[in-house]
Amino acid sequence: MKEQIQRIKDELREALSSFDNLDLRELKLVEVEANLRKLRDLKIRFTGKKSPISEAKRQIGALPAEQRASFGKLIQETESEILNSIEHLERELASYALDLKTRVESLDVTIPGFRPESGSLHPITLLRQRIEDIFVSMGYAVEDDREIENDYYNFDALNIPEGHPAREAEDTFYTTNGLALRSQTSTVQIRAMERRGVPIRIIAPGKVYRNDTPDPTHIPMFHQVEGLCVDRGITMAHLKGTVAEWLRRLFGKGTKIRMRPSYFPFTEPSAEFDFSCFKCSGTGVFEGEKCRPCKGTGWIELGGCGMVHPNVLRNCGVDPQVFSGFAFGFGLERMCAMLYSIDDIRLMYENDVRFLKQFR
Ligand code: DAH
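The rules we used
- Residues numbered from 1 in each chain as written.
- Predicted model: local features only at pLDDT ≥ 70, side-chain atom pairs only at ≥ 80, totals over all residues.
- Heavy atoms only, no water.
- Helix = DSSP H or I, 4+ residues; strand = E, 2+ residues; numbered from the N terminus.
- Buried < 20%, exposed > 50% of the residue type's maximum accessible area, 1.4 Å probe, protein only.
- Polar contact = N/O pair within 3.5 Å; in protein donor to acceptor, adjacent residues only side chain to side chain.
- Contact = heavy atoms within 4.5 Å.
- Phe/Tyr/Trp six-rings, centres within 6.5 Å; stacked < 30°, edge-to-face > 60°.
- Near = heavy atom within 4 Å.
- Areas by Shrake-Rupley, 256 points an atom, 1.4 Å probe, with all protein chains shown as cover.
- Nonpolar A, V, L, I, M, F, W, Y, C, P; charged D, E, K, R; others polar.
- Axes fitted to C-alpha atoms, helices over the stretch in contact; angles between N-to-C directions.
- Parallel < 35°, antiparallel > 145°, perpendicular 65-115°, else oblique.
- Pairing = 2+ DSSP bridges.
- Left-handed = near helix turned anticlockwise from the far one by under 90°.
- Salt bridge = Lys/Arg side-chain N within 4 Å of Asp/Glu carboxyl O.

*Asks:* So, the side chain of T255: which residues are in play, and what are the values?
*Replies:* By the element assignment, T255 lies in the loop between α8 (236–251) and β6 (257–264). On the accessibility criterion, T255 (9% relative accessible area) is buried. Engagement of the side chain of T255 in a polar contact is seen with the backbone oxygen of G252, the distance being 2.6 Å. Ignoring any residue separated from it by four or fewer positions in sequence, one finds T255 in contact with L247, R248, F275 and S276.

*Asks:* Give a description of the packing of aromatic side chains that names residues and reports values.
*Replies:* Taken as a whole, this structure holds 12 aromatic pairs when the rule is applied. Arranged with centres 5.2 Å apart and planes meeting at 70°, the rings of F135 and Y140 form a pair that is edge-to-face. Here F135 matches Y140 in class, with each residue buried. Consider the rings of F135 and W246, whose centres lie 5.6 Å apart with planes at 50°: the pair is tilted. Separated by 111 residues along the polypeptide, F135 in helix α5 (residues 123–137) and W246 in helix α8 bring together distant segments of the chain. Of the two residues, F135 and W246, neither departs from the other in class, the shared state being buried. An aromatic cluster is defined as three or more aromatic residues linked by ring pairs; in this entry it consists of F135, Y140, W246, F326, F328 and F330.

*Asks:* Outline the site of the ligand, listing residues and values.
*Replies:* Taken together, 15 residues form the shell around the ligand, and within it Q184, S186, R210, Q224 and E226 come nearest. Residue Q184 places a side-chain N or O atom 2.7 Å away from a nitrogen atom belonging to the ligand. Taking R210, its side chain carries an N or O atom lying 2.8 Å from an oxygen atom of the ligand. If the ligand stood free it would expose 360 Å²; the protein chains cover 89% of that surface. Those elements that provide at least two residues to the shell around the ligand are β5 (221–231), β10 (299–308) and β11 (324–331). Residue classes in the shell around the ligand are distributed as five nonpolar, eight polar and two charged.

*Asks:* Explain the packing of helix α1 (residues 2–20) against helix α4 (residues 65–105) to me, using residue names and the numbers behind them.
*Replies:* Axis separation between α1 and α4 bottoms out at 11 Å; the angle between their running directions is 5°. One way to sum up the angle between α1 and α4 is to call them roughly parallel. Two secondary-structure elements touch here, α1 through I5, I8, K9, L12, L16 and F19 and α4 through F71, L74, I75, T78, E81, I82, S85, I86, L89 and L93. Across the contact of α1 with α4, the residue classes tally to 12 nonpolar, two polar and two charged.

*Asks:* Just give me the short version of the pairing of β11, but keep the residues and values in it.
*Replies:* Most of β11 sits inside the fold, with six of its eight residues counted as buried. Pairing of β5 with β11, which is carried by eight bridges, proceeds in the antiparallel orientation. Within β11, the position partnered with V230 by the bridge is G325. Taken together, the five bridges between β10 and β11 define a ladder with antiparallel strand orientation. Along β11, the bridge assignment pairs G304 with G329.

*Asks:* Pulling in residues and values, what's your account of the packing of helix α3 (residues 52–59) against α4?
*Replies:* For the pair α3 and α4, interaxial distance at closest approach is 10 Å and the crossing angle is 165°. Here α4 runs roughly antiparallel to α3, going by the angle between their axes. α4 is crossed by α3, and the crossing has left-handed handedness. Residues I53, A56 and K57 of α3 form the contact with α4, whose participating residues are F71, I75, T78, E79 and I82. For the contact of α3 with α4, a count of residues per class yields five nonpolar, one polar and two charged.

*Asks:* Now, about the pattern of salt bridges: what can you tell me, with residues and values included?
*Replies:* Taken as a whole and assessed by the stated rule, the structure comprises 27 salt bridges. Residues R195 and E143 are paired through a salt bridge, measuring 2.5 Å at the closest nitrogen-oxygen approach. With a gap of 52 residues between them, R195 in helix α7 (residues 187–196) and E143 in the loop between β1 (141–142) and β2 (148–149) connect regions that are remote in the sequence. Among the residues examined, E143 registers a relative accessible area of 6% and is labelled buried. One connected set of salt bridges, linked through shared partners, spans E143, D145, R146, R195 and R196.

*Asks:* Now, about the environment of K43: what can you tell me, with residues and values included?
*Replies:* By the secondary structure assignment, K43 is in helix α2 (residues 29–47). You can call K43 partly exposed: its relative accessible area is 22%. Sequence-wise, K43 and I82 are 39 residues apart; in three dimensions their C-alpha atoms are separated by 8.0 Å. When sequence neighbours within four positions are dropped, the list of residues in contact with K43 reads G48, L83, I86, E87 and E90.

Here's what the structure looks like:
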């Protein structure tokens, strides 16, 4: 019997020998778990119903009475020894498995998070907002209106007669039911005067559409800002002062403006306005070379302006004997391209994030 017990102990030692030089720190969680399963199987093999220990217990009854007690004790001791050595290993592995799990599943709230990609405003929006801020500070309201207009608002009310080239289909996008995508923000002059009456001081930034083939300086959709001021006693001097003031605020105190006589159907007299180049301060030369934004002329053409035509006032129910006003309009894309040194205005509408990211 004693040899039988010795054999069991030897077998157990043999079975557990693979755990002797197990380096826990080298094990992955799945390996630790596999070892735990191995220990559970060993427990069954050595102490379960079909184990040699159970077999030995069953044999106690067949022993001579005086041997039973001591042999029973020996078996008992052997069984607890077996359980002790297996369970000791089990505890060690289980606690290490728990350690690994907490390490894998734990969350370190002190690690800085990932910053979500944030978008940025489009360069045209940035410029529009700067211009809006300037005019709002001068007492102007910002007007927004529809982009699809009928001929009356697009042309007739603005004193653009039948037969004027602006009405040609080559210049304008017409819908099949006779409406047109507005080709200028001047339409808002009419809408705003009808809505608000006079006196009025507004700017109207917005999209306009022209049947142009895209190239580095043209696109079929672009932005304009319209300005309108109507009150008693408004003169060309107010127009000039206003245009000069907002351009100084945008491009710096030293900015000069000039006006050249021109023609627009909705103003009389009409002019085009230029401002002294922000890069070369009007000298035409920058860092010893011909200045790029003004092409060496020292002046940058910006837009049109004039005194609101009496017909336009009359079309809005305003008496031109009592009220007078000025209006102006200019595009944003070329100005924006100059400010940010963009060679090709088409880049602004290609939705390339590499381009757009630069305006953060
Ligand atoms: N609407 C004109 C254009 O698209 C610009 C313009 C000129 C607007 C004179 C005005 C103005 O209000 O008075 O070219």
